[in-house]
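# Structural features, examined
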Amino acid sequence: MLSIIDEHDTSRPLYLHYASRHAHVPLQASSRYTEMYAQVSHQARGIYMAMVTMADDIIYQVTQKLKEREMWQRTLMLFTSDNGGFVQQGSACSPPLKPRYGRVDIESAYATTCMSESGASNWPLRGGKYSYFEGGIRVNSFISGGYLPTAMRGTHIKKNILHIADWYSTFSRLANVHEFDYKGNTSTIQRSMGKVNVPNYRGPRAEDKIVPPVDSLDLWPMLSRGEPSPRREIFISSGAYVYERWKFFKYLSTTVGNAIGGPTYPNETSDSDPVGRRTFTCTTFPGCLFDVVDDAGEHEDVCATQQDTCAAVHDMLKKANDSKFLAYRTYNRTQCRLRSDEMYGGYIGPVKGCTI
């Protein structure tokens, strides 16, 4: 990343995506970081913390390089995650390997390694990775950089929901392109930011086919001016749905992570009873309802006292299930690929009528 920034022509825009593997299995960090947390008795937790510190140092180096190249004042930096921390059962960690040769090019390659999905804490939220509770789907996220309006710096966006997919539309529109894959004749698209000319490309336009619309929403008015989030609902799964402050679990739907780890989770005793092992099943009809604004830990099912809301969100989930597409990621299967080409004129899209 540093070399990309160093070699970049600063008169041109730059999109830089750093998909860090830190704070992810395998848990592994060089000794100069693990030594910072040698006092942590739960080994996986100590290494997890070392990895987060290492990631923090990397982001610092990137930030400093952008400032060095005088790019920071025109930078919008997003830091986010795709799921909550893992809270599965821990396992024994492998001791450091000794280098076969005298030279060690990658220090962390010879570090203590833990292969279990343990070490994270989502307190005070319920659940963790793989769970539909807030500990699994609500993540830390922030935006920084000189491009962010001064009035919005240091503010906390409360009582608004967004989905990770929304960054696609947000960045597309900031880059002055449309999030839909337009091709063909030059056209003018009216959007919230004004009229934008889409360049002329050869080939059919995606809008002329039956390619499904993009689900992503533009968050920039919320981020830059404090307007309400354009997103009001999130389809979590066939059995779980969020509408504004309400999260609904359908009757008899299940999820893992039915516990809150506590402020010192994980610890020496948590491996025998990890958060991720506990299962939740909604046993009341039409479902279970939680207020994830005032009750972020999802302690109280309020469906009985919010019956109209519970029924309304239940209906939303049923309608969403009628239009959902379950991706099997089988684009390499010849029959499905040919069927997709036929339906969408060469674009990849949801297909039926082929053997998976």
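Values in this document were obtained by computation on a predicted structure and should not be read as measured data.

The next point concerns the overall build of the chain. If you tally the helices and strands in the chain, you get eight helices and twelve strands. Looking at the chain as a whole, 40% of its 356 residues qualify as buried. Put simply, 65% of the contacts in the chain that link residues at least 6 apart link residues at least 24 apart. When the accessible surface of the chain is summed, it comes to about 21500 Å², and 51% of that surface belongs to carbon and sulfur atoms.

Tallying each qualifying case throughout the model produces 14 salt bridges. With a shortest N-O distance of 3.2 Å, K65 and D6 are connected by a salt bridge. Taken together, the residues span a long stretch of sequence, with K65 in helix α3 (residues 43–68) and D6 in helix α1 (residues 2–7) at a distance of 59 residues. One salt-bridge network, in which partners are shared between bridges, spans E134, R138, K247 and E298.

All right, on to the confidence of the model for the chain then. Taken residue by residue, the chain gives an average pLDDT of 84. The fraction at 70 or more is 81%. Confidence drops under pLDDT 50 across residues 184–206; counting only partners more than four residues distant or on other chains, this segment forms 49 contacts.

We now examine the sheet that holds strand β7 (residues 233–237). If you trace the four strands from one edge of the open sheet to the other, you get β7-β8-β9-β12, paired in antiparallel fashion. This sheet does not close on itself; its edge strands, each paired only once, are β7 and β12 (287–291). Sheet twist, expressed as the average angle between the axes of neighbouring strands with direction ignored, equals 15 degrees. Bridge analysis of β7 against strand β8 (residues 240–243) gives four bridges, and the strand direction is antiparallel. Directly across from I234, in β8, lies its bridge partner V242. Packing of helix α7 (residues 307–323) onto the sheet brings it into contact with β7, β8, β9 (246–250) and β12, and relative to β8 it is tilted by some 120 degrees.

Tallied over the entire structure, the rule returns twelve aromatic pairs. Taking 5.2 Å as the distance between ring centres and 65 degrees as the angle between the ring planes, the aromatic pair formed by F133 and F280 counts as edge-to-face. Of this pair, F133 sits in the loop between β3 (113–114) and α4 (134–137) while F280 is found in strand β11 (residues 279–281), placing the two residues 147 residues apart along the sequence. In this structure F133 comes out as buried when scored by relative accessible area, which is 0%.

Attention shifts here to the pairing of β9. The buried count for β9 comes to four of five residues, which makes it a mostly enclosed element. Two elements, β9 and β12, share five bridges in a ladder whose sense is antiparallel. In the sheet register, F249 faces β12, and the bridge partner there is C288.

What follows deals with unusual backbone geometry. Residue P124 is bonded to the preceding W123 through a cis peptide linkage, with omega at 10 degrees. P266 follows Y265 through a cis peptide bond whose omega is -5 degrees. For P266, the position within the fold is in the loop between β10 (254–256) and β11. Positive phi, normally seen in glycine, also occurs at Y130, with a value near 80 degrees. Inspection of the secondary structure assignment puts Y130 in the loop between β3 and α4. The phi angle at K159 is positive, at roughly 60 degrees, despite the residue not being glycine. Within the secondary structure layout, K159 lies in the loop between β4 (142–144) and α5 (166–174). The exposed category is assigned to K159, whose relative accessible area is 68%.

Another point: the state of the cysteines. Under the criterion given, the structure shown has three disulfides. Two residues, C93 and C114, share a disulfide whose sulfurs are 1.9 Å apart. In this structure, the disulfide formed by C93 and C114 twists by about 100 degrees around the S-S bond and is classed as right-handed. Taken together, the residues span a long stretch of sequence, with C93 in the loop between β2 (77–79) and β3 and C114 in strand β3 at a distance of 21 residues. When its relative accessible area of 17% is taken as the criterion, C93 is described as buried. Looking at C114, the relative accessible area reads 0%, which means it is buried. Two residues share a disulfide in this structure: C303 and C310, whose sulfurs sit 2.0 Å from each other. On the sign convention where negative is left-handed, the bridge of C303 and C310, at about -95 degrees about the S-S bond, is left-handed. As far as burial versus exposure is concerned, C303 and C310 are alike and both buried.

This part covers a nonpolar patch on the surface. Side chains of I4, L14 and L16 sit close together on the surface and give an oily, nonpolar patch of about 220 Å² of accessible area. Within the secondary structure layout, L14 lies in the loop between α1 and β1 (27–28). Note on L14: relative accessible area 35%, which makes it partly exposed.

Cut-offs used in this document
- Residues numbered from 1 in each chain as written.
- Predicted model: local features only at pLDDT ≥ 70, side-chain atom pairs only at ≥ 80, totals over all residues.
- Heavy atoms only, no water.
- Helix = DSSP H or I, 4+ residues; strand = E, 2+ residues; numbered from the N terminus.
- Buried < 20%, exposed > 50% of the residue type's maximum accessible area, 1.4 Å probe, protein only.
- Contact = heavy atoms within 4.5 Å.
- Areas by Shrake-Rupley, 256 points an atom, 1.4 Å probe, with all protein chains shown as cover.
- Salt bridge = Lys/Arg side-chain N within 4 Å of Asp/Glu carboxyl O.
- pLDDT = per-residue confidence, 0-100.
- Pairing = 2+ DSSP bridges.
- Axes fitted to C-alpha atoms, helices over the stretch in contact; angles between N-to-C directions.
- Phe/Tyr/Trp six-rings, centres within 6.5 Å; stacked < 30°, edge-to-face > 60°.
- Disulfide = S-S within 2.5 Å.
- Patch = residues over 30% accessible without salt bridge, like charges linked within 9 Å, V, L, I, M, F, W, Y side chains within 5 Å.

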